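# Architecture at a glance
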Amino acid sequence: MDYKYIEQLLERYWEANTTPQEENILRAFFSQDMLPEHLAQYQPLFVYEQTAANEQPLGDDFDRRMLERIGQGTTEAEKKVVVKAQRITMASRLRPLFRAAAAVAIVAVLGTAAQTAFRQAEQTNEAWDYNSASYADTYQHPEEALDALDAGLAEISDMLNATAPTDSLAKEEEAQP
């Protein structure tokens, strides 16, 4: 058989140029049981309205049956769903921007502090020398260096002891005669 007319109608249908009468012709054609293979793929599209009319729509008791299946009650008070709305404030909306601004501020402050430190070192002509071979001894005798180290450690120890709170064991030892 020659299906050129149906194929032309399909072409016009895809271009949205068919009239309602031509669409009825397509529906009637595709409602047949015997269709050529190359046109059978379009059958569900045109017979949907006829098959949907035969299906039973959802009944009035559908909601009640579904609620029973999932374990919720059927009384009117239990059917009411309580939705807790959460108020979103402007501050909570802008919180990600605040965090980003804080991160930028921290980076800017650290960068400024580093630049200031480098500028001060340049102004005082202090070179940042990391080469250990170029270090020179500041003391002529090892005894002087050891004495300076002992004095520095003693000073640090005094500062730590002055600020450290006394623990409970030290207080108990002082209290005993």
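Structure shown above.
So, here's what we can say about the structure. The structure presented is a predicted model; accordingly, all values stated were derived computationally and were not measured.

Two side chains carrying opposite charge are able to pair once their charged atoms lie near each other. Summed over the entire model, instances satisfying the criterion amount to five salt bridges. Between E22 and R12 there is a salt bridge, with its nearest N and O atoms 2.6 Å apart. Of this pair, E22 sits in helix α2 (residues 20-30) while R12 is found in helix α1 (residues 4-14), placing the two residues 10 residues apart along the sequence. Between E23 and R27 there is a salt bridge, and its shortest N-O distance comes to 3.6 Å. Taken together, the residues span about one helical turn, with E23 and R27 both in helix α2 at a distance of four residues. Accessibility expressed as a relative area gives 23% for E23, which makes it partly exposed. A relative accessible area of 23% places R27 in the partly exposed class. Residues participating in the shared-partner salt-bridge network are D61, R64, R65 and E68.

A few words on the packing of α1 against α2. One way to put it is that α1 packs onto α2 with a least axis distance of 10 Å and a crossing angle of 125°. Overall, the two elements α1 and α2 adopt an arrangement that is oblique. The two elements α1 and α2 meet at a crossing, and its hand is left-handed. Across the interface between the two elements, Y5, I6, L9, L10, R12 and Y13 from α1 touch E22, E23, I25, L26, F29 and F30 from α2. Counted by class, the contact of α1 with α2 contains nine nonpolar, no polar and three charged residues.

Rules used in this analysis
Residues numbered from 1 in each chain as written. Predicted model: local features only at pLDDT ≥ 70, side-chain atom pairs only at ≥ 80, totals over all residues. Heavy atoms only, no water. Salt bridge = Lys/Arg side-chain N within 4 Å of Asp/Glu carboxyl O. Helix = DSSP H or I, 4+ residues; strand = E, 2+ residues; numbered from the N terminus. Buried < 20%, exposed > 50% of the residue type's maximum accessible area, 1.4 Å probe, protein only. Axes fitted to C-alpha atoms, helices over the stretch in contact; angles between N-to-C directions. Parallel < 35°, antiparallel > 145°, perpendicular 65-115°, else oblique. Left-handed = near helix turned anticlockwise from the far one by under 90°. Contact = heavy atoms within 4.5 Å. Nonpolar A, V, L, I, M, F, W, Y, C, P; charged D, E, K, R; others polar.

In short, shape yes, function no, at least from these values alone.
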